[in-house]
Amino acid sequence: MLIDTHIHIALNGLFNRQSWEDANREEKVIWIRKILRKYKSQGIYILRDGGDGIFASKLAREIAKEENIIYKSPIYAIYKKGHYGTFLGKSIVDRGDFKREFKILLEHRLDHLKIILTGMVNFQKYGEVGETAFTLEELKYMVDTAKEHDIPVMVHANGRDGVGKAIAAGVDTIEHGYLISKAEVHKMAEKGIIWIPTLAPLGNILDSNDNRFQKEREVIQRVYEGQIKNIRNAIAIGGSVALGSDAGAYKVQHGSGLLDEIHHFEKIGFDRKEIEKMCFENGAKALNLDLHILKSWNKEE
């Protein structure tokens, strides 16, 4: 069974923020159902969303039940005002803001808390991922608050500083984790933190020889190769790595994105069965799903 642990259903070729806000519920359901059926056509029945600011993933979770898909949503992500994350969620400045937003998320029954800690990888300048938006104290407060409610924490983080703080705060999963060192890889493994390295966004650009990023190709290649090296190291020392495509990102399509991710893991040198086992077992842990129940559910499928 395949599990895509990192998608963004609100990012697609069917609608954007404006058309979504202008549409009625029936139109929205048609769009969401079409995307979900792309996953089903590839045998992917379990998905975890990274959040959006228009409640698309909340509706997707509702429609997914009708499609017999397990769908986990954070409703929307939390990011620091003035930093990266506008299209993924809502900004906060201090603890008071977080308390208010977390209360709203609880009312919407979030499946996991999504926190955006750093920016994206800069394709123009190697090593640049933007500032770490929250202090360790701020991050730990949010993580501890979520855990008091038995809610897992999913953190977008790149670079040594950001990933290091996420590890220290005790998050459950680290998304992306580009431009880190052996130290962070080993600490993730020691603490049992699940790493979702999302190779497809960079790997697909490289595979396509994309004209849009010809000038940036050398940096992208260097970052991608560093990620591959760290993945090998993580698995060699017994770290938990799950597969997430980051579907919705440039050149990563819904449905086929996870197959692209598997392809990139195969290029590293992992056996297909080994990859599918990681995809299922570590993916289930990332989504806080019981393996025994999942196996039974799969047989019923």
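Residues numbered from 1 in each chain as written. Predicted model: local features only at pLDDT ≥ 70, side-chain atom pairs only at ≥ 80, totals over all residues. Heavy atoms only, no water.

This brings us to the packing of aromatic side chains. A complete count under the given rule lists ten aromatic pairs for this structure. Between Phe 123 and Phe 213, the ring centres sit 5.3 Å apart and the planes meet at 85 degrees, which makes this aromatic pair edge-to-face. A residue pair is termed long-range when its members are at least 10 positions apart, and Phe 123 in the loop between strand 6 (113-116) and helix 5 (136-148) and Phe 213 in the loop between helix 8 (200-208) and helix 9 (217-236) qualify at 90 residues. Residue Phe 213 is classed as buried on the basis of its relative accessible area, which comes to 13%. An aromatic cluster of three or more residues is present, and its members are Phe 15, Trp 20 and Trp 31. Looking at Arg 222, its charged tip hangs above the ring of Tyr 126, at a distance of 3.6 Å from the centre. (Phe/Tyr/Trp six-rings, centres within 6.5 Å; stacked < 30°, edge-to-face > 60°. Helix = DSSP H or I, 4+ residues; strand = E, 2+ residues; numbered from the N terminus. Buried < 20%, exposed > 50% of the residue type's maximum accessible area, 1.4 Å probe, protein only. Lys NZ or Arg CZ within 6 Å of the ring centre and 35° of its normal.)

Within the open sheet, the three strands sit side by side as 1-2-3. Their pairing is parallel. Both outer strands of the open sheet, strand 1 (2-7) and strand 3 (70-72), are each paired with one neighbouring strand and no more. In this sheet, adjacent strand axes meet at a mean angle of 15 degrees when their direction is disregarded. On top of the sheet, helix 2 (residues 25-41) reaches strand 1, strand 2 (44-49) and strand 3; it is set at about 130 degrees to strand 2, its chief contact. The strands touched by helix 10 (residues 257-268) are strand 1 and strand 2; relative to strand 1, the strand with the most contacts, the crossing angle is about 100 degrees. (Pairing = 2+ DSSP bridges. Axes fitted to C-alpha atoms, helices over the stretch in contact; angles between N-to-C directions. Contact = heavy atoms within 4.5 Å.)

We note that Asp 150 has phi near 60 degrees; this positive angle belongs to a residue other than glycine. In this fold, Asp 150 is placed in the loop between helix 5 and strand 7 (153-157). Taking the relative accessible area as the measure of exposure, Asp 150 reaches 68% and is therefore exposed. A positive phi angle, close to 70 degrees, is found at Lys 251, a residue other than glycine. Mapped onto the elements of the fold, Lys 251 is located in the loop between helix 9 and helix 10.

Right, let's talk about the layout of surface pockets for a bit. To locate leftover empty space, one rolls a probe as large as a water molecule over the atoms. Roughly 540 Å³ of internal volume is contained in the largest pocket. Top contributing element to the lining of the largest pocket by residue count: helix 8, with three residues. Broken down by class, the residue content of the lining of the largest pocket amounts to 14 nonpolar, seven polar and two charged. The computed volume of the second largest pocket comes to approximately 180 Å³. Forming the boundary of the second largest pocket are Trp 20, Asn 24, Arg 25, Lys 28, Ile 54, Phe 55, Lys 58, Leu 59, Arg 61, Glu 62, Lys 65 and Arg 109. Counting only elements with at least two residues in the lining of the second largest pocket, the list comes to helix 2 and helix 3 (56-66). (1 Å grid on protein atoms, 1.4 Å probe; cavity = no way out; pocket = protein on both sides within 12 Å on 5 of 7 lines; lining within 4 Å. Points joined across faces, edges and corners; volume = space filled by probe spheres on them. Nonpolar A, V, L, I, M, F, W, Y, C, P; charged D, E, K, R; others polar.)

Pairing within the open sheet is parallel, and its six strands lie in the order 5-4-6-7-8-9. On the outer flanks of this sheet lie strand 5 (89-92) and strand 9 (194-196), each paired with one strand and no other. Taking the axes of each pair of neighbouring strands and ignoring which way they run, one obtains an average angle of 25 degrees across the sheet. As paired elements, strand 4 (residues 77-80) and strand 6 share two bridges and run parallel to each other. Bridging across to strand 6, Ile 78 finds its partner in Ile 115. Of the strands in this sheet, strand 4, strand 5, strand 6 and strand 7 touch helix 5, which is tilted by about 170 degrees from strand 6.

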